[in-house]
Amino acid sequence: MNNEILDALSQITREKSVDRAMLIETLEMGLASAVRKKHGATADVQVRFNDKSGTLECALRMTVVDDVEDASFQWTVEKARAHRPDAKVGDVVVIPLPISEFGRNAIQTAKQVLIQRVREAERDRVFKEYVDKTGQLVRGIVQQVDRGNVIVKLDFSEGMLPAREQIPRSYHRQGDYVRAVVINVDKAAKGPQVILSRTHPDFLRRLFESEVPEIADKIVEVRAVSREAGARSKISVYSTDPRVDAVGSCVGLKGSRVQSIVRELGGERIDIVPWSADPAVFVSRALAPARVMDVKVVEADQRMIVVVADDQLSLAIGKGGQNARLAARLTGWKIDLVSKSEEKKRQESERASRLEVERLELGEATTEKLIGAGIETVQELVATPLEKLVEIPGIGEKTAEKVLATAQEFLAAIAAAASAAAAEHEFSPEMEPSAEAHSPEDATGASVSPEAAEGVSRAE
């Protein structure tokens, strides 16, 4: 039995990577718990394990008192002297107990305590091992597929790849190698603690880091990633060395580097976009393969009005709005896509809206006074503070308030009409993917597929 205990401790220590001293302490606690079940919950139990010989020593410690309040650990002087003739009040009498006295119940209790502590220790070890690996790439072997969830054997633990974190239309078989990124380490989970993902944008980022030495060496930086797993992704890159082409480094010779990533992602199309500090240039590149004619920045709304040729509008939007939606996420700007003909109409509308103040029908005298003060258009009138209007000779406070209200109502009506037209093609970084955007044919234009590396979007 002694050798069996030593062998069991050695095996658990080796396989579970658990501290041997903690196992011995747990074994002693488990046996003490079994003894208390027989002699009382408050019994003073002493259990010692000899790690060299594998022997267990168990004993009860009874305190000698005048009046017994708890018989589990107290004796009278008369009872104590039956075991030790010289016992007196205050002494502690140690009564050896043979382990065989407790039989299978003691062993079972000790076993349960030991198993529980080993599990807790193992979970603590896994948590400490992987909590700092959140966002990092890991590799493992598929152990089991259960209701769509994939259990992956990692180096020091098991990980779970939930169905929602798997690339659509992908299949995992037992024994297959799989790569994923750690997105969470749940210490309170009943099953595997390490939660993995193959749909997270960080997965694409880590794949590029592993395939492109320039990124690993920090010569090329990945500035942003936007992704709709299984369909299409956009990644922006920037070179810190002017002699190194960031996009070319990511594509590799004849597309060798990016093709391996595309195969890992099951044919997902990837647009590689050169990053720019100029938001207008960055947005123009992000909308590739569509060609942008003009960009107007609206800083206050973090929005850009992007003008494309009429035949490029559907390409810029993409099927289900995917191309524009990914571009908005990549850049962090709201994007209003407008065709050249729509922009021309808008400009004509703008010109029409810049009416002369005469069109407001404010009265001949008031109109002449405004023009005399240099206010010739409705926009100029709205931009003039009330205090300045009152300073114009012949215009009082009430007249100024009436004039401003009339001009503001007129411009509001014009703006409402223009906003309704623009909202039809507006895309924001927060937009969710549409169902149809995930069809295999959804992305039009230059993007990477396993068959054609030259499809990389490379806007300059």
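The structure presented is a predicted model; accordingly, all values stated were derived computationally and were not measured.

The rules behind these values
Residues numbered from 1 in each chain as written. Predicted model: local features only at pLDDT ≥ 70, side-chain atom pairs only at ≥ 80, totals over all residues. Heavy atoms only, no water. Buried < 20%, exposed > 50% of the residue type's maximum accessible area, 1.4 Å probe, protein only. Helix = DSSP H or I, 4+ residues; strand = E, 2+ residues; numbered from the N terminus. Arc of directions from axis to C-beta. Phe/Tyr/Trp six-rings, centres within 6.5 Å; stacked < 30°, edge-to-face > 60°. Lys NZ or Arg CZ within 6 Å of the ring centre and 35° of its normal. Axes fitted to C-alpha atoms, helices over the stretch in contact; angles between N-to-C directions. Parallel < 35°, antiparallel > 145°, perpendicular 65-115°, else oblique. Left-handed = near helix turned anticlockwise from the far one by under 90°. Contact = heavy atoms within 4.5 Å. Nonpolar A, V, L, I, M, F, W, Y, C, P; charged D, E, K, R; others polar. Pairing = 2+ DSSP bridges.

Of the residues making up helix α13 (residues 364-372), those classed as buried are T366, T367 and L370. Take α13 and look down its axis: the buried residues cluster within an arc of 100°, on one side only. Residues E364, E368 and G372 are exposed on α13 and point more than 90 degrees away from its buried face.

Attention now goes to the packing of aromatic side chains. The way to describe two aromatic rings as a pair is by their centre distance and the angle between their planes. Taken as a whole, this structure holds 1 aromatic pair when the rule is applied. Here Y238 and W275 contribute two aromatic rings whose centre-to-centre distance is 5.3 Å and whose plane-to-plane angle is 80°, an arrangement assigned as edge-to-face. With Y238 in strand β11 (residues 232-239) and W275 in the loop between β12 (269-274) and α9 (279-286), this residue pair connects regions lying 37 residues apart in the sequence. Across from the ring centre of Y177, 4.1 Å away, lies the NZ or CZ of R139, which sits over that ring. Of note, R223 hangs over the ring of W275, and the distance from its end group to the ring centre comes to 4.2 Å.

What follows covers the packing of helix α5 (residues 201-211) against helix α8 (residues 256-264). Their axes nearest at 10 Å, the elements α5 and α8 cross at an angle of 140°. Taken together, the axes of α5 and α8 are oblique relative to one another. As for the relative orientation of α5 and α8, their crossing is right-handed in sense. Contact with α5, carried on its side by F203, L204, L207, F208 and E211, involves R257, V258, S260, I261 and E264 of α8 and no other residues of that element. Classifying every residue of the contact of α5 with α8 gives 6 nonpolar, 1 polar and 3 charged.

This next bit is on the sheet that holds strand β8 (residues 177-185). Pairing is mixed in the closed barrel, where 5 strands are placed in the order β5-β6-β7-β9-β8. In this sheet, neighbouring strand axes are inclined to one another by 50° on average, regardless of whether the strands run parallel or antiparallel. Here strand β5 (residues 137-146) pairs with strand β6 (residues 149-153) via 5 bridges, running antiparallel. Directly across from V145, in β6, lies its bridge partner V150. Of the strands in this sheet, β5, β8 and β9 (194-197) are in contact with α5, which crosses β8 at around 125°.

The amide bond that connects A288 to the next residue, P289, takes the cis arrangement and shows omega of 15°. Note on placement: P289 falls in the loop between α9 and β13 (292-298). Here R147, not a glycine, exhibits a phi torsion of approximately 55°, which is positive. Within the secondary structure layout, R147 lies in the loop between β5 and β6. Among the residues examined, R147 registers a relative accessible area of 81% and is labelled exposed. For R169, which is not glycine, the phi dihedral falls at a positive 70°. Position of R169 among the secondary structure elements: in the loop between β7 (158-161) and β8. Classification of R169 as partly exposed rests on a relative accessible area of 48%.

On to the pairing of strand β2 (residues 56-64). Sheet topology places strand β1 (residues 45-49) next to β2; 5 bridges connect them, and they run antiparallel. Bridging from a neighbouring strand, V47 pairs with C58 of β2. When β2 meets strand β4 (residues 92-97), the two strands line up antiparallel, connected through 6 bridges. Looking across to β4, one finds that A59 is bridged to P96.

Before going further, it helps to examine the packing of α9 against helix α11 (residues 322-331). Between α9 and α11, the shortest axis-to-axis distance is 9 Å and the interhelical angle comes to 145°. Here α9 runs over α11; the crossing is right-handed. Residues F282, V283 and A286 of α9 touch α11, and the partners they reach there are A327, L330 and T331.

Along the chain, D91 falls in the loop between α3 (77-81) and β4. According to the relative accessible area criterion, D91 is buried, its value standing at 15%. In contact with D91, other than residues within four places in its own chain, are M62, T63, V64, R84 and D86.

Glancing now at the environment of A277. Among the structural elements, A277 can be located in the loop between β12 and α9. In this structure the C-alpha to C-alpha distance between A277 and Y238, which are 39 residues apart in sequence, comes to 9.9 Å.

Here we come to the sheet that holds β12. On the basis of which strands lie adjacent, the open sheet formed by 3 strands has the order β10-β11-β12 and mixed pairing. Where the open sheet ends on each side, the last strands, each with one partner, are β10 (220-228) and β12. With direction set aside, neighbouring strand axes in the sheet form an average angle of 20°. Across 6 bridges, the pairing between β11 and β12 is parallel.

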